[in-house]
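Coordinate analysis (summary)
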Amino acid sequence: MLLFNMFGVITIFALFAVFDRGCWATSYRFPDNFLFGSATSAYQIEGAWNESGKGESTWDRHTHTHPEMIIDGSNGDIACDSYHKYEEDIQLLKYLGVDFYRFSLSWTRIFPSGFPDDINYEGINHYNKILNLLVANNITAMVTLFHWDLPQGLMAVGGMLNPRFVTFYTEYARTAFEHFGDRVQYWLTFNEPFQTCVFAYGDLMLAPALGISGIADYLCGHNLLKAHAAVYRLYNTTYKPKYKGKIGISISAEWLEANNTNEEAAAERIRQFWYGMYLHPVFSSKGDYPDVVKEYVAYHSSLEGYKQSRLPQFTEDEINYIKGTYDFMGLNHYSTYLASDAPSSSLETSYYNDYQVSLSSTGDSVANDPNSLIEVRHIFYLFPLV
Ligand SMILES: *[C@@H]1O[C@H](CO)[C@@H](O)[C@H](O)[C@H]1NC(C)=O
Ligand SMILES: *[C@@H]1O[C@H](CO)[C@@H](O)[C@H](O)[C@H]1NC(C)=O
Ligand SMILES: *[C@@H]1O[C@H](CO)[C@@H](O)[C@H](O)[C@H]1NC(C)=O
Ligand SMILES: *[C@@H]1O[C@H](CO)[C@@H](O)[C@H](O)[C@H]1NC(C)=O
C-alpha cells in the first residue's frame, strides 16, 4: 500500500450521526437518510503525476527527493492509475452500492504552478468527466478542495506559511466552484488541519516535511483557518444561492481518554491541541483558539525565551470572520489513546512539548491493546450534518 493509512484509503463515511455507547442491538438500523460512501484523495489514487499539463506538487517532490522517508520507498507516480481508470473506478463504486463518493481535486492539475494565472483545461476536463459519470450513476459527489498535495510552485514561496496562501487558495477554490459547482452538493475546504500542519510543517511525517515544530505548525494552522473562512464565505455568498450545496471542513479527532481519573485535564488539554485548535475558531460561539491552547503556548514560549507567544493571534475582526463558517462538520476518526499528565522542564521549542501530555503509545492505538478494549467503544460516525 502506498504511503500509509493517514490518507484513509477506503473510508466509509456517513452523513448523519448515529452514536451509541453500548452494544449494537439487533433491532438497530441506520436511518433512511443515512448515506454510505467511499473516499479517496488525488495523490493517493490518480497517478499520472506529470501528464496532461499537471504541475508538480509537494508530494511529488517529496517522494522523488526523499524516498527514504516513505516506508517502502514508493511514490504516487502511478498509484491506482485512477487518472486513466476513473471509468472503471466509478463502475466499482456503483457495484459497491455507495450513495456518495468523496474525492479530492489535484490543485496542480488545475493550476500547474499553484498561482492562479495559468489554468490547465485538461485538468478541468478530467474532473468534468468524473462528475458527469457520477451524475449518470446517481452517485453524489463530495469534493475535497485540498487534501495535502500543495503545488510545489507555492511551496517555493513558503506554501501555507505565507499569508498570501489565503489568496491563492481562494482563487483556486473559485475556479473549482465556477466549473464544478453545478454538480457538487458537498464541498470540503481542507482535509485534517492537524495532519496538514503538524505532521507536514512541524514534523517530518508528511510532505513537505519541514520539521519546524512549535512554529511552522502554528503558522500553517493560522493561515489554513483564514483560508477556510475566506472560501466558505465565497461559496456562501456567490455559489450557494445558485447551487444550494453545502460546505464544511473535515477534522480528524482521535479519542483521547484520561489514563487515570485525576488526568482528565490532561486529556482535555491534548484534545484542545489536536483538534480544538481548529474546531473552536470555526464552530464555537466565542470563536478564536481555545483558552488552554493560548495559555500553554504562551507560557512555554516565555520559558523558552520568546518575547511573544509562538501561537499567532487573531484580531477581533479575524475571530468574527472565521466564526460560524460551516454548513456541516466533517469528522474523521481513526483511533483512541490514553493521555497522561507529563510535566517536562525541557526548553526545546516543540509543539509536542507545549501540551505537556504523554500518550499510551505513539504508534499503536489502544484499539490494538486487548487489555484496553473498553476504550474502543468510543466510536464516532462521520459527517454529522446540521
Ligand atoms: C513522467 O514521469 C515518468 C516517471 O514516472 C518519466 O518516466 C517520464 O519521462 C515523465 N514524462 C515527462 C513528459 O516528463
Ligand atoms: C439515487 O440515489 C438515492 C440515494 O442516494 C436513492 O434514494 C434514489 O432512489 C436513487 N435513484 C435512482 C434512479 O437510482
Ligand atoms: C451565509 O449566508 C447566509 C445567507 O445569506 C447568511 O445568513 C449567513 O450569515 C452567511 N454565513 C456567514 C458565516 O457569513
Ligand atoms: C497510565 O497509568 C498507569 C497506572 O497508573 C501507568 O502504569 C502508566 O504508565 C500510565 N501511562 C502513561 C502513558 O503514562
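See the structure above.
For the structure given in this document, a descriptive report is provided here. (Residues numbered from 1 in each chain as written. Chains lettered and ligands numbered in written order. Predicted model: local features only at pLDDT ≥ 70, side-chain atom pairs only at ≥ 80, totals over all residues. Heavy atoms only, no water.)

Quick word on unusual backbone geometry
Along the chain, A207 connects to P208 via a cis peptide bond; the corresponding omega equals 10 degrees. By the secondary structure assignment, P208 is in the loop between α8 (193–202) and α9 (216–243). Even without being a glycine, D81 presents a positive backbone phi close to 55 degrees. Inspection of the secondary structure puts D81 in the loop between α2 (58–65) and α3 (82–96). Among the residues examined, D81 registers a relative accessible area of 18% and is labelled buried. (Helix = DSSP H or I, 4+ residues; strand = E, 2+ residues; numbered from the N terminus. Buried < 20%, exposed > 50% of the residue type's maximum accessible area, 1.4 Å probe, protein only.)

A closer look at the state of the cysteines
In this structure the tally under the stated criterion is one disulfide. Each disulfide pairs two cysteine sulfurs, and for C197 the partner residue is C220, the sulfurs being separated by 2.1 Å. The S-S bond linking C197 to C220 shows a torsion near -65 degrees; that makes this disulfide left-handed. With C197 in helix α8 and C220 in helix α9, this pair connects stretches of sequence that are 23 residues apart. Both residues of the pair, C197 and C220, count as buried. (Disulfide = S-S within 2.5 Å.)

Some details on the site of ligand 4
Around ligand 4, the neighbouring residues are N259, N260, S340, L359 and S360. Between N259 and ligand 4, the recorded distance is 2.4 Å, taken from a side-chain N or O atom to an oxygen atom. Grouping the constituent residues of the shell around ligand 4 by class yields one nonpolar, four polar and no charged. (Near = heavy atom within 4 Å. Polar contact = N/O pair within 3.5 Å; in protein donor to acceptor, adjacent residues only side chain to side chain. Nonpolar A, V, L, I, M, F, W, Y, C, P; charged D, E, K, R; others polar.)

Notes on the site of ligand 3
Surveying the vicinity of ligand 3 reveals the residues Y232, R233, N236 and G324. R233 is positioned such that a nitrogen or oxygen atom in its side chain is 3.4 Å from an oxygen atom of ligand 3. Contact between ligand 3 and N236: an oxygen atom at 2.3 Å from a side-chain N or O atom of the residue. For ligand 3, the accessible surface in isolation is 360 Å², of which the surrounding protein chains cover 39%. Tallied by class, residues from the shell around ligand 3 come to one nonpolar, two polar and one charged. (Areas by Shrake-Rupley, 256 points an atom, 1.4 Å probe, with all protein chains shown as cover.)

Details of the side chain of Q195
Checked against the element boundaries, Q195 lands in helix α8. For Q195, a relative accessible area of 2% puts it in the buried group. One polar contact links Q195 to S252, side chain to side chain, over a distance of 3.3 Å.

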